[in-house]
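# Structural overview for review
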Amino acid sequence: METILSLEGVSKMYQSAGNTLTVLDHISFSVDAGSTLAIVGPSGSGKTTLLGLCAGLDRSSSGSIYLHNIRLDELSEDRRAQVRNLYVGFIFQNFQLLPTLTALENVMVPLELRGEKNIRLRAVDLLNKVGLADRGHHYPAQLSGGEQQRVSLARAFSNKPQILFADEPTGNLDAETSEKIVKLIFDLNKEAGTTLILVTHDHELASKTGRIIRLKGGKMVSDEQTIAAQVE
Amino acid sequence: MEESFENNRTIENKGLQFPWLIKMAWRDSRRNRSRLFLFVSSVILGIAALVAIYSLSNNLRQEIDKQAASLIGADLEITSNKPVSPALKGLIDSLGDRRSEERRFASMVYFPKGGGTRLIQVRALQGEFPYYGDLETNPVVVARTFRNEQQALVDQTLMMQFNATVGDSIKVGNVTFRIAGILISAPGQTGFSASVAPVVYIPLKFLKQTGLEQKGSNIGYRFYYKYDRPINIRQLTAGIEPRLEKEGLNYDTVESQKEDTARSFSDVTRFLSLVGFIALLLGCIGVASAIHIYVREKINSIAVLRCLGAKASQSFLIYLIQIVGIGLVGSVIGAALGSVIQQFLPVVLKDFLPIKIANNISWTAIGTGVLLGLIISILFALLPLVSIRNVSPLNTLRLSLQSTNLFKDPIKWLVYLLIVLFIFIFSSFQLKNWKQSVSFTIGVIVAFLILAGIASLLMWLVRRFFPSSWSYLWRQGLANLYRPNNQTSILIVSIGLGTAFICILFFIQTILLNRVTLSAGGNQPNIVLFDIQTSQKQDLLELAQKQGLPLNQTVPIVNMRLEAVNNITASTLQKDSSIKIQRWIFGREYRVTFRDTLSSSEKITKGKWIGKAGNPSEPVYVSLEERFANRNQIEVGDSMIFNVQGTVMPVVVGSLRQVDWNRVQTNFLVLFPTGVLEDAPQFHVLMTRVSSAAVSARFQQAVVKQFPNVSIIDLSLVLSILDQILSKIGFVIRFMAGFSIITGLVVLIASVVISKYQRMQESVLLRTLGANRRQILAITALEYFFLGAFAAFTGILLALAAGWGLAHYTFDTTFTPQLLPILVVFILICLLTVIIGLMNSRVVLIKSPLEILRQEV
Ligand SMILES: Nc1ncnc2c1ncn2[C@@H]1O[C@H](COP(=O)(O)OP(=O)(O)OP(=O)(O)O)[C@@H](O)[C@H]1O
Ligand SMILES: [Mg+2]
């Protein structure tokens, strides 16, 4: 199988007040295209940091990260932005919709950034898929948390990403809404053949993925296939 | 795989996608437009002030060009203060195709009907002058016809004062003239010059009969020339100049008149421009601080955009486009407002100007204003905007407290440099003096640094000596000053600079107003008699004594001209522009007195006062007024050569003297010792005090009857006119300064209002946690009070320093700031900051926390 993401000895250090804080310590793994992966671990273990590095939002202190065979840590911020726009989708715990744009416009932004034309229909179609076709003209402040997360899902899939990163996508939602969102994520994921990497505290959600990487104190302590993977 | 990325480069090469950026800017602004508008409110006022002033000066310049010919009334005018010598007579009579002649002098006139007398300026005219424009009279026709008969034109203020009507008579010297008409205005006259020295025109051919010709050197001779064929006046005047200059004659042409008028008018507009400039600078501060806070709020949106793949330059441009748009709108509104204000400026200024100005809309002024508004909006917004480029997409995952390091971003330095350059270029454009511009620019930079330093110091102090034992509200209010996302620096700098500018303007205003305030009253003399001949002195003193008036000594006055200072003459000055002597000191007539003691209003500051001249072989030591000497860099020991009506008189500067000009007294620039000028042609001045208008009228009538050549100035009349003038000047100063002060207040208000978004979220959280209304108000009030107090205090200190510097170096006077107004300003600024701060948190208190939390998503 093709590898879409691979990390080799990635470390992340923070300097503060003269001290060096090692947040990630020599992490190496690779991810097959189209697979699903959960990163779990106690709070402060470095999950978000790791996700940020994989997605090219930040630079590692050492080691190398390849996304789609492009070495991220050698690119400039603008080039990484380019890579993100082309291959990466995001879902955040706190949704991160642009407050001044309507739901529909939020979904359109990644496509517009690519300079594509005739995107309105596609955006409406995506909103339709997440069940919000009639809320397109509403601003984020006029939507509930679950609705906002659905809009952000639609946005994440709008550029047909090869890999989707989600940082605790259900962390801010109630159980019932969470379930809907999770279902949507996995459905859309399967439909588009996207690779999914998510960070979560939710064991049930983690167990739905094919592989679980466990972090503790910045170190990878385990990396195991799940039952879900064996079922597949 | 690498390949597919390469393929996609084609997409990247689509560049910035400008149309999309504009679309995004437009979308993003939708929910912020009222706030964006607040950002430029200060620009609006600044541009308005500037456009108003530019329009005025453009209109003035145009009108001067248009009306210059009628200001002088002829192609060429030659003036002399003594009869033309036979040597020049030929030249004087040969110039021009048509010529007129006029003599001017001060004299008393007498209205037989009401018995009134007053000092006026007599103009005895012959010929068709003016050739351009007209003597404005009522009835119109008499402007031309009065010259043929024994008739006079009398200034309208004079007619009003003595209740005279056309057809009445007026006595000038020994001749009674019929009043042919009312003189409304003479060429080149301002409203003020008319009320200070009202004019009466008589035909020149009756001058001899009046018996006033004996006034000798106090008569001004004027010759007006008109050329019917086209002629190169410049060439002509260049040819005759040496001969005229040698005999002490001056000339004026339409061209030189234009320059003079424009120059004297530029003094008027300089203050106005400075005020406009300060208003604009305040606007700049407003822009910078508002955008700073705006950008800070936008960080999350920017991070999301970056996450989705927007380039740094793209996210930067989205907000830059917003600023350009709103800056343009603000500038256009400002320019429109300025054009409206401009309609009122001529009304305010009309008494100062020798010409009528139209209220034409000046498109150049509007264009300049809009362009400037745009430039400053962009330039000052750039400072906060460039940090957008450094917003990391990581902010979407975790709020990072990034303080973009100034030293690491060269672009930021470039923007700072551009701003400094802008301030310098623009101020030199306004002040027309690069030295002043350099000090101004440095002053602004220093003020900025001091305020920024004070802000850091404040934060450090509060953190270091945090009063942990104080109540929660105090601690929270204080802690707000240094906690992450604090607004201390930006508010202290903007409030501080705003306060400093407001105070400086206020100080300048006080300095200017103080300078023009005259003290009259008490037992000071209120009537001055001058042009008293030596032979009349005794009789006049007796007359005054008979009327029971208190007498001061008569003061002898000798007219003289200055020919050279340390061998520098008017012509060396013309060749060498590096000499620091003002040219006018050679052209003018000096009224000089001589005595052996100093008066009570004089004080020697340098050198020694010598009251009696020694024997003829020793040099004559004179005393100069201190500021006159300083301005022309004349020192004790320097030599000067005076020309006392034909006799050359070399002297040495023996001392410099301080003179209190505010006292009603005969004060002199040059003071001679006794023993030199006793035999020179001279006249005398007598001062006395009359107790009432009736006594004054009786005395004046008696003097005019017996001594027609003696002139009387009724100081109470002059003072009341001066008072009117001064209150008008005061009004103009206050009007313009008020404009800047209002801009400053708007900037303050805008900065504080905008800062509300910083604290909103937090107040809501506190409220959710159970803080009551009072507690939230108290925390907010405390934070804003600290900010306002520190900023205002520092600003006032800066203003005091600047005010002292200005008083000392620019206005050449002492600086005595009054404590009370400063205290009032301080309290007002503090109050204003706190009140607006509280109004900000009102939103938090009225609406439900949920509503606000949702809106802020
Ligand atoms: N800018 C920074 N400077 C210093 N330390 C940092 C910085 N950013 C993160 N850290 C530290 O790195 C560690 C890992 O943070 P991270 O956000 O990745 O944890 P996490 O596993 O996502 O935790 P959670 O489950 O609570 O979200 C934390 O201990 C955090 O304090
Ligand atoms: Mg996390």
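Above: the structure in question.
The numbering scheme is per chain: residues are counted from 1 as the chain's sequence reads. By the order in which they are written, chains take letters starting at A while ligands take numbers starting at 1. Reporting of local features is limited, given that this is a predicted model, to residues whose pLDDT is at least 70; pairs of side-chain atoms are given and counted only at 80 or more, and all residues count toward the totals for whole chains, interfaces and linings. Think of the side-chain values as coming from all heavy atoms in the structure, minus any hydrogens and water.

### Here we look at the overall build of chain B
Each helix is a run of DSSP H or I of at least 4 residues and each strand a run of E of at least 2, with the numbering of both proceeding from the N terminus. A tally of regular secondary structure across chain B gives 27 helices and 20 strands. In chain B, buried positions account for 53% of the 857 residues. In what follows, a contact means two residues having at least one pair of non-hydrogen atoms within 4.5 Å. When contacts within chain B are restricted to residue pairs at least 6 apart in sequence, those whose partners lie at least 24 apart make up 82%. Carbon and sulfur atoms provide 60% of the accessible area of chain B, an area that totals close to 38300 Å². For each residue, the accessible area found with a 1.4 Å probe, counting protein chains only, is set against the maximum for its type, and the residue is called buried under 20%, exposed over 50%, and partly exposed in between. Methods summary: accessible areas were calculated by the Shrake-Rupley approach with a probe of 1.4 Å, and residue burial reflects only the protein chains presented.

### Regarding the pattern of salt bridges
Pairing between side chains of opposite charge can happen when their charged atoms approach one another. All names here are of chain A. We define a salt bridge as a contact between a side-chain nitrogen of Lys or Arg and a carboxyl oxygen of Asp or Glu at a distance within 4 Å. A complete count under the given rule lists 29 salt bridges over all chains for this structure. In this structure, Glu116 engages Arg114 in a salt bridge whose closest nitrogen and oxygen atoms are separated by 3.2 Å. By relative accessible area, Glu116 is classed as partly exposed at 28%. Exposure remark for Arg114: the relative accessible area of 15% places this residue in the buried category.

### Observations concerning helix α3 (residues 103–113) of chain A
Residue and element names in this part refer to chain A. Counting buried positions along α3 gives 11 out of 11 residues, so the element sits mostly inside the fold. Along α3, the residues classified as buried are Ala103, Leu104, Glu105, Asn106, Val107, Met108, Val109, Pro110, Leu111, Glu112 and Leu113. One or two residues past the end of α3 sits Gly115, with phi positive at roughly 75 degrees.

### A word on the pairing of strand β6 (residues 169–172) of chain B
Residue and element names in this part refer to chain B. Burial along β6 is one-sided: the face carrying Ile170 and Val172 is buried and the face carrying Ser169 and Lys171 is not. By the convention used here, strands pair only if DSSP detects at least 2 bridges between them. One ladder, built from two bridges, connects strand β2 (residues 98–111) with β6; its direction is antiparallel. Across the sheet, the residue bridging to Tyr110 is Lys171, located in β6. Bridge count between β6 and strand β7 (residues 175–185): four bridges; the pairing is antiparallel. Among the inter-strand pairings, Lys171 is bridged to a residue of β7, identified as Thr176.

### Here's the deal with the pairing of strand β4 (residues 62–67) of chain A
Residues and elements named next belong to chain A. Bridge analysis of strand β1 (residues 3–16) against β4 gives five bridges, and the strand direction is antiparallel. Bridging from a neighbouring strand, Ser6 pairs with Tyr66 of β4. Connecting the antiparallel pair β4 and strand β5 (residues 70–71) is a turn made up of two residues, with His68 showing a positive phi of about 55 degrees.

### Concerning the site of ligand 1
Near is defined per residue: the residue qualifies when any heavy atom it owns lies within 4 Å of the molecule or strand. Of all residues adjacent to ligand 1, which total 13 residues, the nearest are Ser43(A), Lys47(A), Thr48(A), Thr49(A) and Arg398(B). Surrounding ligand 1 is a set of residues that belongs to chains A and B. As used in this structure description, the phrase polar contact means that two N or O atoms lie within 3.5 Å; if the pair is within protein, one of them must be able to donate a hydrogen and the other to accept it, and residues adjacent in sequence are counted only when both atoms belong to side chains. Note that an oxygen atom of ligand 1 is positioned 2.7 Å from one of the side-chain N or O atoms of Lys47(A). Between ligand 1 and Thr48(A), the relevant distance is 2.6 Å, taken from an oxygen atom to a side-chain nitrogen or oxygen of the residue. Burial of ligand 1 by the surrounding chains reaches 67%, relative to a free accessible area of 640 Å². In terms of residue count, helix α1 (residues 47–54) of chain A provides more of the shell around ligand 1 than any other element does, three residues in total. Residue classes in the shell around ligand 1 are distributed as three nonpolar, seven polar and three charged. Gly is put with the polar residues, along with every residue not named as nonpolar or charged; the nonpolar set is Ala, Val, Leu, Ile, Met, Phe, Trp, Tyr, Cys and Pro, and the charged set is Asp, Glu, Lys and Arg.

### Details of the sheet that holds β4(A)
Pairing within the open sheet is antiparallel, and its four strands lie in the order β2-β1-β4-β5 (chain A). One side of each edge strand has no neighbouring strand; the edge strands of this open sheet are β2 (19–32) and β5 of chain A.

### Let's talk about the packing of aromatic side chains
Residues and elements named next belong to chain B. Two aromatic rings, drawn from Phe, Tyr or Trp (for Trp, its six-membered ring), form a pair once their centres lie within 6.5 Å of each other, and the interplanar angle then sorts them: stacked below 30 degrees, edge-to-face above 60, tilted otherwise. Applying the stated criterion to the full structure yields 18 aromatic pairs over all chains. Geometrically, the ring pair formed by Tyr590 and Phe628 is edge-to-face, given 6.1 Å between the ring centres and 65 degrees between the ring planes. Placement of Tyr590 in strand β13 (residues 589–594) and of Phe628 in helix α21 (residues 626–631) is noted, with a sequence separation of 38 residues between them. Following the ring pairs from residue to residue traces out a cluster consisting of Phe380, Phe422, Phe426 and Phe429. If you follow Arg464 out to its NZ or CZ, it ends over the ring of Phe465, 4.9 Å from the centre. Whether a charge sits over a ring depends on NZ of Lys or CZ of Arg being within 6 Å of the ring centre and within 35 degrees of the ring normal.

### Focus on the sheet that holds strand β6 (residues 88–91) of chain A
Residues and elements named next belong to chain A. Read across the open sheet, the six strands follow the order β6-β7-β8-β3-β9-β10; overall the sheet is mixed. Each edge of the open sheet carries a strand with a single partner, namely β6 and β10 (219–225). Recorded for the sheet is a direction-independent mean angle of 15 degrees between the axes of neighbouring strands. Relative to strand β8 (residues 195–199), strand β3 (residues 36–40) runs parallel, the two sharing four bridges. Directly across from Ile39, in β8, lies its bridge partner Val199. Fitting a line to C-alpha atoms yields each axis, with helices limited to the stretch in contact; the angle taken between N-to-C directions then spans 0 to 180 degrees. Of the strands in this sheet, β3, β7 (163–167), β8 and β9 (211–216) touch α1, which is tilted by about 155 degrees from β7. Against the sheet, helix α5 (residues 145–158) engages β6 and β7, with an angle of about 175 degrees to β6.

### Regarding the environment of Gly217(A)
With respect to the helices, strands and loops of the structure, Gly217(A) is situated in the loop between β9 and β10. Measuring from C-alpha to C-alpha, the distance between Gly217(A) and Pro42(A) comes to 8.4 Å, with 175 residues separating the pair along the chain.

### Here we look at a nonpolar patch on the surface
All names here are of chain B. On the surface, a nonpolar cluster with roughly 760 Å² of combined accessible area is contributed by Leu820, Leu823, Val824, Ile827, Leu828, Leu831, Ile835 and Met839. On the secondary structure map, Ile827 appears in helix α26 (residues 819–846). Judged by relative accessible area, which is 42%, Ile827 ranks as partly exposed. Excluding any residue in a salt bridge, patches collect residues exceeding 30% relative accessible area, merging like charges within 9 Å and nonpolar Val, Leu, Ile, Met, Phe, Trp and Tyr side chains within 5 Å.

### Some remarks on the interface of chain B and chain A
Facing the 41 residues of chain B at the interface are 46 residues of chain A. For the pair chain B and chain A, the summed buried surface comes to about 4000 Å²; carbon and sulfur atoms form 55% of the total. For the pair chain B and chain A, the number of links is five salt bridges. Here chain B is connected to chain A by 14 residue pairs in polar contact (both at pLDDT 80 or more). Counted by class, the side of chain B that touches chain A contains 15 nonpolar, 12 polar and 14 charged residues. Accessible-area loss on putting two parts together, using a 1.4 Å probe and summing over both, is the definition of buried area adopted here.

It is worth stressing that arrangement in space is one thing and function is another; only the former is reported here.
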